[in-house]
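Chain by chain, the residues run as shown.
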Amino acid sequence: MSDSNSDSNSELSFFTKHEFAIRRLHSLTGIVPLGLYMCVHLTTNASLLGSVEIFQRAVFLIHSPGPLLPLIEWGGIFLPLLFHAGLGIWIAKTGRSNSSQYQFTSNKRYSWQRWTGFIALVYLFLHVMHLHGGIHAEGWMNAIYKVGFGRFSPYNAGSSLVDAMNLGYGIIWPAIYLVGVLACVYHFVNGLWTAGITWGLWISPKAQARATKVCVALGLVLTVISLAAWAGAVFPGKEDVAEMRAIEDRMYDAGVVAGTVPENEHKRDLRGRAAAAEESGDAADGEQASAGTAEPAS
Ligand code: HEM
Ligand code: HEM
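Since the structure is predicted, the reported quantities are computational estimates derived from the model, not experimental observations.

## Description of the overall build of the protein chain
Within the protein chain, the regular secondary structure consists of 11 helices and zero strands. A buried classification covers 29% of the 298 residues belonging to the protein chain. The long-range fraction of contacts in the protein chain, counting pairs at least 24 apart against all pairs at least 6 apart in sequence, stands at 73%.

Given below as structure tokens:
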């Protein structure tokens, strides 16, 4: 008992000693890179509602760093996310909210900030496993594919995304995404408002009222964008996937010939087309694109 007391005392004293820097680092990671990434990410995904081609062009561009991509993803997204989430949970658990210090901060909004943080944590874990897979090692990707994870193939971007959403009777994943995405948008926009307090940008009631208007407007815009991203992934049915895949294959072949897309069969949806061929009884096609031997995208 006394051990655990002294543990939590030393944890608290470390936090107290470095509170200024830790809070700013937590706040900063929530805005850049995470908030900025989310805005760009949702807009890119919303482009699928426009056309398969626009979305595929954007994904070709995102994947153009090739072998450097995992470094960018881990350094720019996953590590800041783990840091922000870990510290966020610790702050929420130990009740070290900064809201009580600021008489104008609403307690209700602050508790929503915490709840949406927890929802974001669960959602982002499921989302990254569902599409990205986390680590692009062949054995790992083959194993998780069998249980419905690691489903996104960057060179068949739209069709593999729609296919992934159709798993689980086309209801479970869309429902998880709807709740998760809206929670992330609230968390970010309300977080921007509280960040203005962390950084001393809006302290007077007048300045806070102005900031509220700006954050609500941004929240509405992001909600529309996120619903567009959701609809782009959820509205096309199973029957649209083959047509989307044909367009993406044409773009891949043309890109390889033109030298604008590096040849990489592992980034194509080999497993998805093997499953489709199997379903339609096309054994030759199925053999050619055997699921068991397909390697993951890197
Ligand atoms: C992955 C799970 C996440 C958890 C568990 C989490 C948790 C939290 C918590 C508890 C707070 C309030 C901390 C406080 O000031 O007392 C917070 C603040 C914040 N979060 Fe998150 N968060 C997560 C993800 C995200 C994401 C993805 C973004 C951006 C899209 C984000 C952006 C922010 C911002 C901007 C703040 C406000 C910082 C401030 O008041 O200075 N968070 N987060
Ligand atoms: C309907 C909404 C969304 C859709 C359709 C969507 C789609 C995708 C897709 C297709 C990927 C795989 C990208 C790749 O491997 O190249 C991905 C990855 C990822 N998404 Fe989302 N996403 C959505 C919402 C969000 C939200 C709200 C966040 C919060 C920040 C988020 C964070 C991530 C992260 C961290 C990754 C892994 C890193 C990466 O691959 O670049 N997503 N998402």
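## Description of the nonpolar core
Within soluble globular proteins, side chains that are nonpolar tend to cluster in buried spots. Core analysis: the largest hydrophobic core is formed by 35 residues, its most contacted members being Leu161, Val162, Met165, Cys184, Val185 and Ala233. Elements that contribute at least two residues to this core include exactly α1 (2-50), α2 (52-62), α6 (157-166), α7 (172-198), α8 (205-234) and α9 (238-258). Top element by residues in this core is α7. It accounts for nine residues. If we ignore the near neighbours within four places in the chain, the residues touching leucine 161 are Phe152 and Ala233.

## A closer look at unusual backbone geometry
A negative phi angle is the norm for most residues apart from glycine, just as the trans form is the norm for most peptide bonds. With an omega of 10°, the peptide bond running from valine 32 to proline 33 counts as cis. Residue position: proline 33 is located in helix α1.

## A word on the site of ligand 1
Lining the immediate environment of ligand 1, one finds 30 residues, of which Ser27, Gly30, Gly88, Gly117 and Gly191 sit closest. Mapped onto the shell around ligand 1, the elements with two or more residues apiece are α1, α3 (69-93), α4 (107-132) and α7. Here the shell around ligand 1 gets eight residues from one element, more than from any other, and that element is α7.

## Concerning the site of ligand 2
As a matter of local geometry, ligand 2 sits amid 21 residues, with Met38, Asn45, Cys184, Ala229 and Trp230 nearest to it. A per-element tally of the shell around ligand 2 places α4 first, with five residues.

## Observations regarding the environment of isoleucine 176
Here isoleucine 176 shows up in helix α7. Residue isoleucine 176 is classed as partly exposed on the basis of its 17 C-beta neighbours within 10 Å. Taking the C-alpha atoms as reference, isoleucine 176 lies 8.8 Å from histidine 127; in sequence the two are 49 residues apart.

## Thoughts on the environment of glycine 117
Along the polypeptide, glycine 117 turns up in helix α4. A tally of 20 C-beta atoms within 10 Å means that glycine 117 is categorised as buried. Not counting chain neighbours up to four residues away, the residues in contact with glycine 117 comprise Gly88, Ala92 and His187.

## Observations concerning the UniProt feature "transmembrane region" (unreviewed entry) in the protein chain
Per the UniProt annotation, the sites labelled "transmembrane region" (unreviewed entry) are residues 71-92, 112-131, 175-202 and 214-235. Annotated as 100% helix and 0% strand, the span residues 112-131 places its first and last C-alpha atoms 27 Å apart. Between the end C-alpha atoms of residues 175-202 there is a gap of 36 Å, over a span that is 86% helix and 0% strand.

## What to know about the packing of α4 against α7
It is at 8 Å that the axes of α4 and α7 come closest, and there the two elements cross at 135°. One way to sum up the angle between α4 and α7 is to call them oblique. Judged by the twist between their axes, the crossing of α4 over α7 is left-handed. Judged by residue contacts, Arg109, Trp112, Gln113, Thr116, Gly117, Ile119, Ala120, Tyr123, Leu126, His127 and His130 of α4 engage Trp173, Ile176, Val179, Gly180, Ala183, Cys184, Tyr186, His187, Asn190, Gly191 and Thr194 from α7.

## Some points on the confidence of the model for the protein chain
Looking at the protein chain, pLDDT values average 89 and 87% of them are 70 or higher. When pLDDT is averaged over each element of the protein chain, α2 comes out on top at 98 and helix α11 (residues 283-288) at the bottom at 44. In the predicted structure, residues 283-298 sits below a pLDDT of 50 and forms 30 contacts with residues beyond four places in sequence or in another chain.

## What about α7?
With 27 residues, α7 should cover 39 Å at 1.5 Å per step; its first-to-last C-alpha distance of 38 Å lies within 8% of that length. The largest bend along α7 reaches roughly 30° and is located at leucine 192. Positive phi shows up at glycine 200, right after α7, with a value of about 70°.

## Some words on α2
When α2 is considered as a whole, its buried residues turn out to be Val52, Phe55, Gln56, Val59 and Phe60. Projection of α2 onto a plane perpendicular to its axis shows the buried side chains occupying an angular sector of 140°, all on one side.

Quick notes on the rules
- Residues numbered from 1 in each chain as written.
- Chains lettered and ligands numbered in written order.
- Predicted model: local features only at pLDDT ≥ 70, side-chain atom pairs only at ≥ 80, totals over all residues.
- Helix = DSSP H or I, 4+ residues; strand = E, 2+ residues; numbered from the N terminus.
- Buried ≥ 20, exposed ≤ 12 C-beta atoms within 10 Å, placed from the backbone.
- Contact = placed C-beta atoms within 7 Å.
- Core = buried A, V, L, I, M, F, W, Y, C linked by C-beta atoms within 7 Å.
- Near = placed C-beta within 6 Å.
- UniProt positions renumbered as here; feature names shortened; annotations may be inferred.
- Axes fitted to C-alpha atoms, helices over the stretch in contact; angles between N-to-C directions.
- Parallel < 35°, antiparallel > 145°, perpendicular 65-115°, else oblique.
- Left-handed = near helix turned anticlockwise from the far one by under 90°.
- pLDDT = per-residue confidence, 0-100.
- Expected span 1.5 Å × (residues − 1).
- Bend = angle between axes of the 7 residues up to and from the residue.
- Arc of directions from axis to C-beta.

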